[in-house]
Amino acid sequence: MNQETAMSKLRLRNVAKHFIAPRTGQLTTAVTDVNLDIETGEFVCIVGPSGCGKSTVLNLIAGLDTPTSGTIEANGAPIVAPGADRGVMFQDYALMPWMSVHDNIGFGLNYGTPGEGLTREQREKRIRHFVDLVRLNGSEKKYPHQLSGGMRQRVALARLLANGPDILLMDEPLGALDSQTRLILQVELLRIWGETAPREQRKTAIFITHDIEEAVFLGDRVVVMSTHPGRVKAIIPVDLPRPRSEHIRADPRFGQLSDEIWDLIRDEAYRAIDGTEAPAGPKATAVEKVE
Amino acid sequence: MTTRTAAAPNRTHWNSVLEATLVPALLVFAWQLWAMTLATDPRSPSPTHVATTFVDLVSNGGLIGATLQSLGRVVVGFGLALVCGVVLGLLMGSNRRIRDIFDPIVESFRPIAPMAILPVAILWFGTGTPAALSIVTYAAFFPLLVNTVHGVSRVDRKLVLAAMTMGVPRARILARVILPAALPSIMLGSRLAMGVAWTAIIAAELGVGAKSGGGGSGGIGQMMFVFYAYSIDLNAIVVCMIVVGVVALLIDRLFRFVEYRLMPWRH
Ligand SMILES: Nc1ncnc2c1ncn2[C@@H]1O[C@H](COP(=O)(O)OP(=O)(O)O)[C@@H](O)[C@H]1O
Ligand SMILES: [Mg+2]
């Protein structure tokens, strides 16, 4: 029991989050009954229809919001506030528009706790390292509005990694990309996460996506969520070998896992198409599978 | 080939100079015609009279000194208002309790015209620079404050959250995220504030001049009052009006330049 607690990097117990609309006082249950244990070095993907509370769960882990009930612990200690140990990559990147690529990547190092105790040269070296890693050399002086969507996403990723967080929290980080760039960055992401390193040296990652195949390609486990109210429907272990390359998509097991997850969310995906707020991801997959 | 491409920007440059000067030149010409149809009273303002008066005032009338004195007051008053307005604006914009405390005070003073506080300013500070300065600061303060609060309220919350997840302390988030994110609004407020500051200094100097019987305040506003009340020199008053207008234009251009330098990411 005690040992299990020590092993879990993140532990969510009966977590629920309600929102109360300020004017009408109307109560929304964003998520409820979320139980999740995530081990060190694990890559966990979360999929589910739009509005099922994926971002809410991520914000709670980040400490940007507090659960209405239940507990969330990181390394055995309750999460009470945001901290640089849990880095977040936001859905729309949240880059500082007035800062160059270089300064955006160095933001946490220059102004936050990750840079404490580092000299100016050390910080510069670190920034350069991550500029190289996400292949943005030559664009350091550009401002976010001068970059393509894919480049902005790489800046956000480099900023996340430059801060050296223990836990990577990523909210649909590749969502805005065209499919080719997306496939390339998926492989890069696994490389950066530490796929080739021993497990205890890898980062712990939580990755939200609406793309089922992306979740299977990246994750050690896929958490499938459902809506009304948002809750965890199933947790699917991905028993594909690592390191993974593009070719793994041709593996029959890859297809099986994708189908299994699709079966879990298809009803809600169809309902969402009939309804007014059809989510983009599952809808696209739906058309594919029907044909 | 090369000469044509090289000549092209030059031609557009001359075109824009022509466009910029054509309308003013026509206006001056029309004014001169209009003045020549009237009686040839040397005091009635016409471009030629105004031009000679201008040369006269510059060489021995102290026009430049008076303009610089007014300008100095505007710069200092604007600077005081900038510091107060931006600091209070950042605090009010980012802290609900501070906003609740200050908002009623601000909103009840805001509609009071700068000139309305002139009697109090003279009573407290006399008729010299402090009185004029207090009015300028008062006038410039509100556009700066209101635009800063507005800018802060519109800062993308995601940027603040992102900074929090990078372990940036709150005070530094104010300086490193909220201030730069609100900078476009603050710059807009600055331009408006500089405009009203310049208007207010002329009015204040005129007013202080009237109150103190023509002495005391100094500056271009007082100069105008003296010409109006004692010598009834309309040409000199027109010279002052033109100087006020040109200085206002230069200030505006300076602000655009500063804006350009301060916010390269917006260009
Ligand atoms: N700040 C908020 N205030 C009120 N309701 C919210 C807020 N954030 C999220 N919600 C609601 O919670 C539910 C889950 O939202 P979210 O976590 O963003 O879903 P997802 O990321 O899976 O699309 C939605 O019904 C949404 O409207
Ligand atoms: Mg979301």
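What counts and how
- Residues numbered from 1 in each chain as written.
- Chains lettered and ligands numbered in written order.
- Predicted model: local features only at pLDDT ≥ 70, side-chain atom pairs only at ≥ 80, totals over all residues.
- Heavy atoms only, no water.
- Helix = DSSP H or I, 4+ residues; strand = E, 2+ residues; numbered from the N terminus.
- Rg over C-alpha atoms; globule rule 2.2 N^0.38 Å.
- Contact = heavy atoms within 4.5 Å.
- Lys, Arg positive; Asp, Glu negative; His and termini not counted.
- Charge placed at Lys NZ, Arg CZ, Asp CG, Glu CD.
- Buried < 20%, exposed > 50% of the residue type's maximum accessible area, 1.4 Å probe, protein only.
- Pairing = 2+ DSSP bridges.
- Near = heavy atom within 4 Å.
- Polar contact = N/O pair within 3.5 Å; in protein donor to acceptor, adjacent residues only side chain to side chain.
- pLDDT = per-residue confidence, 0-100.
- Phe/Tyr/Trp six-rings, centres within 6.5 Å; stacked < 30°, edge-to-face > 60°.
- Core = buried A, V, L, I, M, F, W, Y, C linked by side-chain atoms within 4.5 Å.
- Domains from an automatic or database assignment.
- Axes fitted to C-alpha atoms, helices over the stretch in contact; angles between N-to-C directions.

### What about the overall build of chain B?
Counting secondary structure elements, chain B contains 10 helices and zero strands. If you list the helices and strands of chain B from N to C, you get α-α-α-α-α-α-α-α-α-α. Here the C-alpha radius of gyration of chain B, 23 Å, is well above what a compact globule of 267 residues would show, namely 18 Å. Residue pairs at least 24 apart in sequence account for 70% of intrachain contacts in chain B once pairs closer than 6 positions are excluded. Computed over 20 positive and 11 negative side-chain charges, the inter-centroid distance for chain B is 14 Å.

### Some details on the pairing of strand β9 (residues 221–226) of chain A
Residue and element names in this part refer to chain A. Most of β9 is tucked away, with six of its six residues classed as buried. Burial along β9 is two-sided: the residues R221, V223 and M225 and V222, V224 and S226 are all buried. Across four bridges, the pairing between strand β3 (residues 43–47) and β9 is parallel. Paired with V44 across the bridge in β9 is R221. As consecutive antiparallel partners, β9 and strand β10 (residues 231–237) are separated by four residues, and within that stretch H228 has a phi angle of approximately 55°, a positive value.

### Structural notes on the site of ligand 1
All names here are of chain A. Around ligand 1, the neighbouring residues are F19, A30, S50, G51, C52, G53, K54, S55 and T56. For ligand 1, an oxygen atom lies 3.3 Å from a polar atom in the backbone of C52. In terms of residue count, the dominant contributor to the shell around ligand 1 is helix α2 (residues 54–62) (three residues).

### Quick word on the confidence of the model for chain B
All names here are of chain B. Of the residues in chain B, 91% reach a pLDDT of 70 or more, and the chain-wide mean stands at 86. Here helix α1 (residues 2–37) stands out as the element of chain B with the lowest mean pLDDT, 75, in contrast to helix α7 (residues 157–165), whose mean of 96 is the highest. Every residue in residues 1–7 scores below 50 in pLDDT, and together they form zero contacts with partners more than four places removed in sequence or on other chains.

### Regarding the environment of A:H102
Residues and elements named next belong to chain A. Turning to its location among the elements, H102 is positioned in helix α3 (residues 101–105). H102 gets classed as buried once you look at its relative accessible area, which sits at 18%. C-alpha separation for the pair H102 and I206, spaced 104 residues apart in sequence, amounts to 26 Å.

### With respect to the packing of aromatic side chains
Here the structure, examined in full by the defined rule, presents seven aromatic pairs over all chains. Seen in terms of ring centroids, B:W124 and B:F125 are 6.3 Å apart; in terms of plane orientation they differ by 85°. Their pairing is edge-to-face. Relative to B:F142, the ring of B:F141 has its centre 5.2 Å away and its plane inclined at 75°; by these criteria the two rings are edge-to-face. When sorted by exposure, B:F141 lands in the same class as B:F142, which is buried. Taken together, the ring pairs in this structure connect A:F43, A:W193 and A:F207 into an aromatic cluster.

### Some thoughts on the nonpolar core
A general tendency of soluble globular proteins is for nonpolar side chains to be buried together. In this structure, A:I61, A:F107 and B:V177 are the most contacted members of the largest nonpolar core, which totals 94 residues. Residue contributions to this core peak at 13 residues, all from helix α8 (residues 170–211) of chain B. For this core, the two domains that each supply at least three residues are domain 1 (1–85 + 166–291) and domain 2 (96–164) of chain A. Setting aside anything within four residues of it in sequence, one finds A:I61 in contact with A:L10, A:L12, A:I72, A:I79, A:R86, A:L169 and A:I206. Core analysis: the next-biggest nonpolar cluster, separate from the first, contains 53 residues, A:F43, A:M151, A:A162 and A:L185 among them.

### Notes on the sheet that holds strand β1 (residues 8–20) of chain A
Residues and elements named next belong to chain A. The strand order across the open sheet formed by four strands is β2-β1-β4-β5, and the pairing between neighbours is antiparallel. In this open sheet, the two strands that pair with only one neighbour each are β2 (27–39) and β5 (77–78). Bridge count for β1 against strand β4 (residues 69–74) is five bridges, and the pairing is antiparallel. Its bridge partner being in β4, R13 is matched across the sheet by T71. In the packing of α2 onto the sheet, contacts are made with β1, β2 and β4, and the angle to β1 comes to roughly 120°.

### A look at the side chain of B:N147
The topology assignment puts B:N147 in helix α6 (residues 129–153). Among residues more than four places away in sequence, those in contact with B:N147 are B:S185, B:L188, B:G189 and B:L192.

### Some thoughts on the sheet that holds strand β6 (residues 86–89) of chain A
Residue and element names in this part refer to chain A. With respect to topology, six strands assemble into an open sheet ordered β6-β7-β8-β3-β9-β10, the strand pairing being mixed. Across the chains shown, the open sheet's two edge strands, defined by having one partner strand only, are β6 and β10. Strand after strand, the sheet turns through a mean of 20° between neighbouring axes, direction not considered. Across the sheet, helix α6 (residues 149–162) lies against β6 and β7 (167–171), angled at about 175° from β6, the strand it touches most.

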